[in-house]
Amino acid sequence: MKASVVLGTAPSPPPSGWRAGGRTLRLLTVAVTAGVLALLTGHAWVLALAAGPAVLVVLAAPGGSRPLRLEASLTVSTRRCFEGETVRCTVELAADGVTGPLDPVLTLGPGVELVDDLVEADRAEFEFTAVRWGRWSIGTLDLDVYDRGGLARRTVRVELGELEVFPVPSAARLTPVPVELPARLGENATRQPGEGVEVIGVRPHVWGERQRRIHWPSTTRRGAVQLNEFGAERAVDTVMLLDALGDFRDPATGTSTLDETLRAAAGLTRAYLRRHDRIGLVSIGGTLRWLRAGSGEQHFYRIVQTVLDVRKDLGYRTPELDRLPPGALPAGALVYCFTPLADQRVLDVLADLTDRGNPLVVVELPTGEPSVDPQDELAVLALRLWRADREAMRFALRNRGIPVVAHTPGESLDLALAPLLRRRIHGGRR
Amino acid sequence: MNPVRELPTRLVGTALLVAALDPVARSGARPLELVLLVPALGFAWWAAPPVPPRRGMEAHRPHHQLARHRNTVLAVVAVALGALHQPSALLAVALTVLLLGYLLMVDARGAAHVPLGPLPLLAAAGASLLVLLAALVPWQSTSGARLPAALGIGLAALAVGAGLYERRGRE
């Protein structure tokens, strides 16, 4: 038997105890109707129509074998996975009597899809695919347990719990760096003198210095000892600013901007963490979430888990757009803002960041253009106005000295970030 | 649902309603009455296939409830129409067999189908035919009525015993 799948909100609690099944109601309705009509019409032969169904009901009665105690135990293969991975839920039924067939009804949560199911005598297995990142309720299982004859049923409800679905990071390797870096050891060469490996110049030898770095060509040319000067290697403080003020679906491709926002941010986070830089996170939209900058592979999962609640079962929360907390933004940290540029409120947040002097890059996620009928003049004019409005937002940002790059979902993020490597990213006005 | 798999149930359900309407007795009826048979047959054709489990369980409007319980409605309508007149013995047997067959076919495709052994089927068919025999044979007012009555009681006891034996075998 296959499970019935229902989409939508959690169903109301099932009645407790045993109740008649559909088959019983059908047979008894026919038998009672025939019996009553036989009495009313005086046609004795109509009792024959009642006899068959009545005998079927009587012979299916379970006697004393109907269980009094039913318990279901749930096993979930994992509570954390990446998008596209499968999760297996197994429900096993324990009863103190004889049970008949199981009839499971599954109310699925919004972030998972049922791939396969297997219903046996005392257990049911379900395999789900995590469709989109987020922290989702897997769903609710109402397991209808029939008695041995299939006459009565009792419903056992099993909550399948929550599932954390991590986004699959976009491919990214490039890590643009700002002009000024904090005084912390890292892997990014800077213009400041230090103990790195990249030569930034040549200078005369000062008495007492080690002579292992002598630059021989200039030494022989000038007749005095000249030393190589090396640049310091510093770590970058980077903050990912996620615009979760809205979720827009591209009419052409069906991609969601919120999906792509976190995928792109996760890809860039991985790229920076590979270089042992520190990454922080600020998410605006709904409850303001932020995470102090940190490094290491585990920090990646901490960052993603911080954002998962943005989309808790597709709920809506009033955004908190007060001034961003200072702890979330280290001084001079490079801020990447991932936004579809569809909500004007994000401009206020970006202006606040620019005033703080943080170097800022806006990564624009495409929302797709609204589809309009070319014959409809008003719609065409509205589309032009929509395009002009978005272009005005981009101009406002570029006018403040903020680079705006466009990331196309499915493509490597490096394509969008490559132009930023031509020169280092400057901070805004203080 | 597969239309080919639905076809036997549709045919049996439609035949059940046709038998309940007794078209042979209506052969002399007015054309208007015969025209009314067409929507009845359409209803039978629509209502006969087994309703998929859980279909429309969330709907509470009357027409949704009708669609959900259409198998039961068809069987009850057939019983009601059949009870309005006294059919011939052959038609009464046909109606009884068709009703039992239709109910068993619908049960076989239900949400919790428990395969029936041969004894419950024989007991149900035997009980129906026995009652039909007792109703159609004009023995009630004769002195020989005791014999079929005793036979009926014996067969009923046999059916109950067979059922109990079947149950013990399954346990």
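Source: prediction; values computed, not measured.

*Asks:* Looking at this model, I keep getting lost on the sheet that holds strand E19 (residues 334–339) of chain A. Mind explaining?
*Replies:* Strands belonging to one sheet form pairs held by backbone hydrogen bonds; the direction of such a pair is parallel or antiparallel. All names here are of chain A. On the basis of which strands lie adjacent, the open sheet formed by 6 strands has the order E18-E17-E16-E19-E20-E21 and mixed pairing. Only two strands of the sheet have a single neighbouring strand rather than two, namely strand E18 (289–294) and strand E21 (404–406). This sheet shows a mean twist of 20 degrees between the axes of neighbouring strands, independent of strand direction. As defined by bridge partners, strand E20 (residues 360–364) adjoins E21 across 3 bridges and the pair is classed as parallel. Counterpart to Glu364 in the pairing with E21 is Ala406.

*Asks:* Even after reading the chapter, I still don't get the UniProt feature "transmembrane region" (unreviewed entry) in chain B, so can you show me in this structure?
*Replies:* With numbering matched to this structure, UniProt assigns "transmembrane region" (unreviewed entry) to residues 89–106, 118–139 and 145–165 of chain B. Note that residues 89–106 of chain B is 100% helix and 0% strand, and that its end C-alpha atoms are spaced 26 Å apart.

*Asks:* Is there a simple way to think about empty space enclosed by the protein in this case?
*Replies:* If a probe as big as a water molecule is rolled over the atoms, it shows which places are left empty. All names here are of chain A. Under the definition given, this model contains 2 cavities of 30 Å³ or more. The volume enclosed by the second largest cavity comes to roughly 40 Å³. Every residue lining the second largest cavity is listed: Trp133, Leu242, Asp243, Ala244, Leu258, Thr261, Leu262, Ser283, Val307 and Val310. Elements with a minimum of two residues in the lining of the second largest cavity: strand E16 (237–243) and helix H4 (257–274). Top contributing element to the lining of the second largest cavity by residue count: H4, with 3 residues. Here the lining of the second largest cavity is composed, by residue class, of 7 nonpolar, 2 polar and 1 charged.

*Asks:* Explain the pairing of strand E10 (residues 139–147) of chain A to me, please; I cannot follow it from the model alone.
*Replies:* Side-chain positions along a regular strand alternate between the two faces of the sheet. All names here are of chain A. Counting buried positions along E10 gives 9 out of 9 residues, so the element sits mostly inside the fold. Of the two faces of E10, the one lined by Gly139, Leu141, Leu143, Val145 and Asp147 and the one lined by Thr140, Asp142, Asp144 and Tyr146 are each fully buried. Where strand E6 (residues 99–108) lies against E10, 8 bridges are found, and the strand directions are antiparallel. In the sheet register, Pro104 faces E10, and the bridge partner there is Leu143. Pairing of E10 with strand E11 (residues 152–159) involves 7 bridges; the strand directions are antiparallel. Its bridge partner being in E11, Asp144 is matched across the sheet by Thr155. Here E10 folds back onto E11 in antiparallel fashion, the turn holding 4 residues, of which Gly150 has a positive phi close to 75 degrees.

*Asks:* Honestly, the interface of chain A and chain B in this entry has me stumped. Any pointers?
*Replies:* Interfaces are often sized by the amount of accessible area the parts lose when they come together. Facing 36 residues of chain A, the contacting portion of chain B comprises 42 residues. Between chain A and chain B, a total of about 3,300 Å² is buried, with carbon and sulfur atoms accounting for 71% of that surface. Applying the counting criterion to the chain A and chain B interface returns 2 salt bridges. Where A:Arg23 meets B:Asp107, a salt bridge forms, and the shortest distance between an N and an O atom there is 3.1 Å. Those elements that provide at least two residues to the side of chain A that touches chain B are helix H1 (22–41), helix H2 (47–59), E6 and E10 of chain A. With 10 residues, H2(A) is the single largest residue contributor to the side of chain A that touches chain B. Of the residues belonging to the side of chain A that touches chain B, the class tally is 21 nonpolar, 9 polar and 6 charged.

*Asks:* Help me out: how do you make sense of the nonpolar core in this one?
*Replies:* Grouped together as the largest cluster of nonpolar side chains are 46 residues, with contacts concentrated most on A:Val30, A:Trp45, A:Val46, A:Leu49, B:Leu74, B:Val79 and B:Leu99. Only H1 and H2 of chain A together with helix H1 (3–21), helix H2 (31–47), helix H4 (70–83), helix H5 (89–108) and helix H6 (118–136) of chain B provide two or more residues apiece to this core. Of the domains in this structure, domain 1 (1–113) and domain 2 (116–171) of chain B are the two that each give at least three residues to this core. When sequence neighbours within four positions are dropped, the list of residues in contact with B:Leu74 reads B:Gly13, B:Leu17, B:Phe43, B:Ala44, B:Ala47, B:Ala48 and B:Tyr102.

*Asks:* Just to check I follow, could you spell out the packing of aromatic side chains for this structure?
*Replies:* Two numbers describe a pair of aromatic rings. These are the distance of the centres and the angle of the planes. Summed over all chains, the structure comprises 8 aromatic pairs over all chains. Here the aromatic rings of A:Phe82 and A:Phe166 are separated by 5.7 Å at their centres, their planes lie at 80 degrees, and the arrangement is edge-to-face. Taken together, the positions of A:Phe82 in strand E4 (residues 80–82) and A:Phe166 in strand E12 (residues 162–166) put the pair 84 residues apart, joining distant regions of the chain. You'll find A:Phe82 and A:Phe166 in the same group, each marked buried. Their ring planes at 50 degrees and their centres at 6.1 Å tell us that B:Phe43 and B:Trp46 sit as a pair that is tilted. Separated by 3 residues within a single helix, B:Phe43 and B:Trp46 lie in helix H2, roughly one turn from each other. Overall, the relative accessible area of 23% leaves B:Phe43 in the partly exposed class. On the basis of relative accessible area, B:Trp46 is assigned to the partly exposed category, the value being 38%. These aromatic residues form a ring-pair network of at least three members: A:Phe82, A:Phe166, A:Phe300 and A:Tyr301. A cation sits over an aromatic face here: B:Arg70 above B:Trp46, 5.1 Å from the ring centre.

*Asks:* What's the story with H2(A) in this structure? I'm lost.
*Replies:* Every α-helix winds through 3.6 residues per turn, so residues three or four apart in the chain are directed the same way. Across its 13 residues, H2(A) extends 18 Å between first and last C-alpha, which sits within 8% of the 18 Å expected from 1.5 Å per residue. Along H2(A), the residues classified as buried are A:Ala48, A:Leu49, A:Ala50, A:Ala51, A:Gly52, A:Pro53, A:Val55, A:Leu56, A:Val57 and A:Leu59.

*Asks:* Would you take a moment to explain the sheet that holds strand E7 (residues 112–119) of chain A for this structure?
*Replies:* Residue and element names in this part refer to chain A. On the basis of which strands lie adjacent, the open sheet formed by 4 strands has the order E3-E5-E8-E7 and antiparallel pairing. Both outer strands of the open sheet, strand E3 (70–76) and E7, are each paired with one neighbouring strand and no more. Within this sheet the neighbouring strands show an average axis-to-axis angle of 20 degrees, counted without direction.

*Asks:* Help me understand the side chain of A:His299 in this model?
*Replies:* By the element assignment, A:His299 lies in helix H5 (residues 297–308). Looking at A:His299, its side chain comes within polar contact range of the main-chain oxygen of A:Ile279, at 2.7 Å.

*Asks:* Sorry, what's going on with the side chain of A:Arg154 here?
*Replies:* Residue and element names in this part refer to chain A. Within the secondary structure, Arg154 is located in strand E11. Buried and unpaired, Arg154 has Asp96 as its nearest opposite-charge partner, separated by 7.0 Å. Within the structure, the side chain of Arg154 is placed 3.0 Å from the backbone oxygen of Leu68, a separation counted as a polar contact. Each residue touching Arg154, except ones within four places of it in the same chain, is listed here: Gly17, Trp18, Arg19, Pro67, Leu68, Leu70, Leu143, Asp144 and Val145.

Procedures and definitions
- Residues numbered from 1 in each chain as written.
- Chains lettered and ligands numbered in written order.
- Predicted model: local features only at pLDDT ≥ 70, side-chain atom pairs only at ≥ 80, totals over all residues.
- Heavy atoms only, no water.
- Pairing = 2+ DSSP bridges.
- Helix = DSSP H or I, 4+ residues; strand = E, 2+ residues; numbered from the N terminus.
- Axes fitted to C-alpha atoms, helices over the stretch in contact; angles between N-to-C directions.
- UniProt positions renumbered as here; feature names shortened; annotations may be inferred.
- 1 Å grid on protein atoms, 1.4 Å probe; cavity = no way out; pocket = protein on both sides within 12 Å on 5 of 7 lines; lining within 4 Å.
- Points joined across faces, edges and corners; volume = space filled by probe spheres on them.
- Nonpolar A, V, L, I, M, F, W, Y, C, P; charged D, E, K, R; others polar.
- Buried < 20%, exposed > 50% of the residue type's maximum accessible area, 1.4 Å probe, protein only.
- Contact = heavy atoms within 4.5 Å.
- Buried area = accessible area lost by both parts, 1.4 Å probe.
- Salt bridge = Lys/Arg side-chain N within 4 Å of Asp/Glu carboxyl O.
- Core = buried A, V, L, I, M, F, W, Y, C linked by side-chain atoms within 4.5 Å.
- Domains from an automatic or database assignment.
- Phe/Tyr/Trp six-rings, centres within 6.5 Å; stacked < 30°, edge-to-face > 60°.
- Lys NZ or Arg CZ within 6 Å of the ring centre and 35° of its normal.
- Expected span 1.5 Å × (residues − 1).
- Polar contact = N/O pair within 3.5 Å; in protein donor to acceptor, adjacent residues only side chain to side chain.
- Lys, Arg positive; Asp, Glu negative; His and termini not counted.

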